[in-house]
Amino acid sequence: MSKPRIPRRDVHGIVLLDKPSGYTSNQALQRVKYLFRARKAGHTGSLDPLATGLLPLCFGEATKVSGFLLDADKHYQVTCRLGQRTLTGDAEGEVVETQAVPPLSREQVEAVLAGFRGEIQQVPPMYSALKHQGQRLYDLARKGQEVERQPRQVRIHALECLALEGEWLTLDVVCSKGTYIRTLVEDIGVALGCGAHVTVLRRLGLGAYQQPEMIPLEHLEALAEEGPEALDGVLRPVDEALAHWPAVELDADSAFYLRQGQAVFVPGCSAQGWLRVYGPGPRFLGIGRLQDDGRVAPKRLMVPAARG
């Protein structure tokens, strides 16, 4: 006899998961979604299975902001093993090349790191989720196939050496979307003349979330034993993810017309780009954008019941 289906429920908000090592981002998402019994959820960009740290999970109406988090800058701390190159660029792959690590000073490392700050070109790794003719690159790589990948421009906002001890190098990295830390470490290893791969990778920040308090998966599992109310207590408000954007507040009439999909005039508004839009209260109404005519146009609206 089949087990009865557990009913799903509407959940709205963001969980700042401290992703454990060994989980893909989707595996972590599905586990937390199951714990919440949530109808709708999505993550905000993949972390490698080896990686730990910040993985914002968006539930319900919060999925409307997940794309903006995907496009946001990221902050990592990474430990590199010098003198070894692996098939995957990290400790999960077999070692394919070993070189002697020359005596390195912090000054020599700093001189190399300086060449990787700012706009750089990266060739995406074969072990990545990018697609080639409809197939994931990592699926092709596991079949022993390698295809040509075009270099992509990314930006390294900050790159600092935290520690250098023999064969071990620890770096702090702030980078744009689309940056592969494994590739960055491999390229730094080449520039140092000895090769390198990632052994430990932890994401500390993403967009407006800079070194926030994260929730371990084990803690969520313990809360699930207490019931949905305990879990809901760790949900963060949707607009918190956009806290670095300018905000505008509408009066009741303007808020009404905005909810109908109409652009509205906001006296004195001069902010450019994306905006957080609030109604009386203030209550978060959604995402807007200032038009050339001075009106704020709705782009992503929250359903009334989901607003924080």
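Everything quoted here is computed from the prediction, not taken from an experiment.

Chemist: I tried to follow the packing of helix α3 (residues 106-114) against helix α5 (residues 181-192) on my own but got confused; where do I start?
Modeler: Packed helix pairs are characterised by how far apart their axes lie and by the angle those axes make with each other. Closest axis-to-axis distance for the α3/α5 pair is 10 Å, and the angle between their directions is 125°. As the angle between them shows, α3 and α5 are arranged oblique. Viewed along their axes, α3 and α5 form a crossing whose handedness is right-handed. Contacts from Val109, Val112 and Leu113 in α3 reach Ile188, Ala191 and Leu192 in α5. Classifying every residue of the contact of α3 with α5 gives six nonpolar, no polar and no charged.

Chemist: Help me out: how do you make sense of the packing of aromatic side chains in this one?
Modeler: The description of an aromatic ring pair uses the distance of the two centres, along with the angle that the planes make with each other. For the structure on display, the rule yields six aromatic pairs. Ring centres 5.1 Å apart and planes at 85° place the aromatic pair Phe68 and Trp245 in the edge-to-face group. You can see Phe68 sitting in helix α2 (residues 66-70) and its partner Trp245 sitting in the loop between α7 (228-232) and β15 (247-249), a full 177 residues away along the chain. By the burial criterion, Phe68 is buried, and Trp245 matches it.

Chemist: Is there a simple way to explain helix α8 (residues 252-259) in this structure?
Modeler: Residue pairs three or four apart in sequence face the same way in an α-helix, which turns once every 3.6 residues. Taken as a whole, α8 has its buried residues at Ser254, Ala255 and Leu258. All buried residues of α8 project into a common sector of 100° when viewed along the axis, lining one side. In this structure, α8 carries Ala252 and Asp253 as exposed residues pointing more than 90 degrees from its buried face. In the core, the buried residues of α8 are packed alongside β16 (264-265), β17 (274-279), β18 (283-290) and β19 (295-301). A positive phi of about 90° marks Gly261, the residue just after α8.

Chemist: Help me out: how do you make sense of the environment of Arg117 in this one?
Modeler: Here Arg117 lies in the loop between α3 and β7 (118-122). Considering only alpha carbons, one finds Arg117 and Arg155, 38 residues apart in sequence, at a separation of 7.3 Å. Aside from chain neighbours lying at most four places away, what touches Arg117 is Glu110, Ile156, Leu159 and Glu160.

Chemist: I keep staring at the sheet that holds β17 and nothing clicks. Help me out?
Modeler: In sheet architecture, strand pairing relies on hydrogen bonds along the backbone and comes in two forms, parallel and antiparallel. On the basis of which strands lie adjacent, the open sheet formed by five strands has the order β15-β17-β18-β19-β16 and mixed pairing. Each edge of the open sheet carries a strand with a single partner, namely β15 and β16. This element, α8, spans β16, β17, β18 and β19 of the sheet and lies at about 55° to β19.

Here is what the cut-offs are and how they apply
Residues numbered from 1 in each chain as written. Predicted model: local features only at pLDDT ≥ 70, side-chain atom pairs only at ≥ 80, totals over all residues. Heavy atoms only, no water. Axes fitted to C-alpha atoms, helices over the stretch in contact; angles between N-to-C directions. Helix = DSSP H or I, 4+ residues; strand = E, 2+ residues; numbered from the N terminus. Parallel < 35°, antiparallel > 145°, perpendicular 65-115°, else oblique. Left-handed = near helix turned anticlockwise from the far one by under 90°. Contact = heavy atoms within 4.5 Å. Nonpolar A, V, L, I, M, F, W, Y, C, P; charged D, E, K, R; others polar. Phe/Tyr/Trp six-rings, centres within 6.5 Å; stacked < 30°, edge-to-face > 60°. Buried < 20%, exposed > 50% of the residue type's maximum accessible area, 1.4 Å probe, protein only. Arc of directions from axis to C-beta. Pairing = 2+ DSSP bridges.

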